[in-house]
Amino acid sequence: MGKIIAVTNQKGGVGKTTTAVNLASALGAMNKKTLLVDIDPQGNATSGLGISKLDNTKSSYELMLGQVTAQEAAIATEFKNVSVVPSDIKMAGVDLEISEFESRESILKKGLAGVRDEYDFIIIDCPPSLNLITINALNAADSILVPIQCEYYALEGLAQLTSTVSRIKRTYNSHLEIEGVLFTMYDGRLNLTQEVAEQVKKFFPKQVFKTVIPRTVRLSEAPSFGQPINYFDKRSKGAEAYDKLAKEIIKKNK
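Here's what I pulled together on the structure shown here. (Residues numbered from 1 in each chain as written. Predicted model: local features only at pLDDT ≥ 70, side-chain atom pairs only at ≥ 80, totals over all residues. Heavy atoms only, no water.)

**Describing unusual backbone geometry**
Even without being a glycine, N31 presents a positive backbone phi close to 65°. Within the secondary structure layout, N31 lies in the loop between α1 (16-29) and β2 (34-38). (Helix = DSSP H or I, 4+ residues; strand = E, 2+ residues; numbered from the N terminus.)

And the structure:
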């Protein structure tokens, strides 16, 4: 049965989608069959894998409305062992559309149930907010991966995050765990980076990944070419970092 990992942070601009796309691609390159489920209305994970948001008649929008299954919505990408359930701007209205549904917080969980045996990993790219879409992702997931940029405001979000996880565990998904906290856009030369990293490790003493994702130009350029970093520039520091992260997650989930 595939492991479902939701990549989430209520704060935007922390490298959430970059992590979802490049982790999925790195896992695929390591012969792990991987499905990336894009539920962010911006659809950046979709375009980051070279899929046009204009061409898709079946997407996470229809999946969230219960109109299609994940098997029907998934598209095989050109990247080894990676498929994607695409997203587009229609997802922006899903919260309102499903608000009156029975068991509205479990729609995504039901939608993914039929594909768990087909994949080694299912990665969910969440929107940067705690709305009904994100609650669906946390209810469906086995664990959450939390990208954190080493800046002052990251610390403010940690209390919110732990409160959210506790609430989801108490109300919907008692098995939800923190897969790990990932430092992104990391620059070890900065004192602030070191200080924030130390504080986060105090907050999550056993849950911070050894791998850190550096701030690199190549990671920023890759999405505009519709390629994950390990295809865009496999010798770059960013590609090496996401390979290490994938290995760390595979080892943890043996």
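**With respect to the pairing of β2**
Along any regular strand the residues' side chains alternate between the sheet's two faces. In terms of burial, β2 is largely enclosed, as 5 of its 5 residues are buried. Both faces of β2 are covered, namely the face carrying T34, L36 and D38 and the face carrying L35 and V37. Bridging between β2 and strand β4 (residues 82-85) involves 4 bridges; their strand directions are parallel. Bridging across to β4, T34 finds its partner in V82. Bridge count for β2 against strand β5 (residues 121-125) is 5 bridges, and the pairing is parallel. Bridge pairing in β5 links L35 to I122. (Buried < 20%, exposed > 50% of the residue type's maximum accessible area, 1.4 Å probe, protein only. Pairing = 2+ DSSP bridges.)

**Description of the side chain of K16**
With respect to the helices and strands, the residue K16 is situated in helix α1. Side-chain polar atoms of K16 contact the side chain of D125, separated by 3.1 Å. Dropping the residues within four chain positions of it, K16 is found in contact with V7, T8, N9, D40, D125, C126, P127, P128 and P147. (Polar contact = N/O pair within 3.5 Å; in protein donor to acceptor, adjacent residues only side chain to side chain. Contact = heavy atoms within 4.5 Å.)

**Some details on the packing of helix α8 (residues 152-171) against helix α9 (residues 191-203)**
At their nearest, the axes of α8 and α9 sit 9 Å apart, and the two run at 15° to each other. In terms of orientation, α8 and α9 fall into the roughly parallel class. Between α8 and α9 lies a crossing of right-handed hand. Contacts between α8 and α9 involve Y152, L155, L158, A159 and T162 on the former and, on the latter, L192, V196, Q199, V200 and F203. When its residues are assigned to classes, the contact of α8 with α9 shows 8 nonpolar, 2 polar and no charged. (Axes fitted to C-alpha atoms, helices over the stretch in contact; angles between N-to-C directions. Parallel < 35°, antiparallel > 145°, perpendicular 65-115°, else oblique. Left-handed = near helix turned anticlockwise from the far one by under 90°. Nonpolar A, V, L, I, M, F, W, Y, C, P; charged D, E, K, R; others polar.)

**What to know about the pairing of β5**
Counting buried positions along β5 gives 5 out of 5 residues, so the element sits mostly inside the fold. Side chains F121, I123 and D125 of β5 all project onto a buried face; the interleaved residues I122 and I124 project onto the opposite face, where all are buried too. Where strand β1 (residues 3-7) lies against β5, 5 bridges are found, and the strand directions are parallel. Bridge pairing in β5 places K3 opposite F121.

**Digging into α8**
The terminal C-alpha atoms of α8 lie 30 Å apart, and with 20 residues this matches the ideal 28 Å at 1.5 Å per residue to within 8%. A maximum bend of about 25° is found in α8 at L158. For α8, the complete set of buried residues consists of A154, L158, L161, T164, V165 and I168. The secondary structure elements touched by the buried residues of α8 are α7 (132-140), β6 (143-149) and α9. (Expected span 1.5 Å × (residues − 1). Bend = angle between axes of the 7 residues up to and from the residue.)

**So, the nonpolar core**
Within the largest apolar cluster, 50 residues are counted, with the highest numbers of intra-cluster contacts made by I39, L108, L112, I124, I144 and V200. The element best represented in this core is α7, accounting for 6 residues. If we ignore the near neighbours within four places in the chain, the residues touching I144 are I5, A6, T8, L138, L161, V165, L176, E177, I178, E179 and G180. Within the second largest apolar cluster, 32 residues are counted, among which are I5, A26, L27 and A246. (Core = buried A, V, L, I, M, F, W, Y, C linked by side-chain atoms within 4.5 Å.)

**Here's the deal with the pattern of salt bridges**
Applying the stated criterion across every chain, the model contains 9 salt bridges. Between D88 and K90 there is a salt bridge; the shortest N-O distance is 4.0 Å. The exposure class assigned to D88 is buried, which follows from its relative accessible area of 8%. For K90, a relative accessible area of 34% translates into the label partly exposed. Across the pair R218 and E221 runs a salt bridge, and its minimum N-O distance is 2.7 Å. (Salt bridge = Lys/Arg side-chain N within 4 Å of Asp/Glu carboxyl O.)

These values are about where atoms sit, not about what they do.
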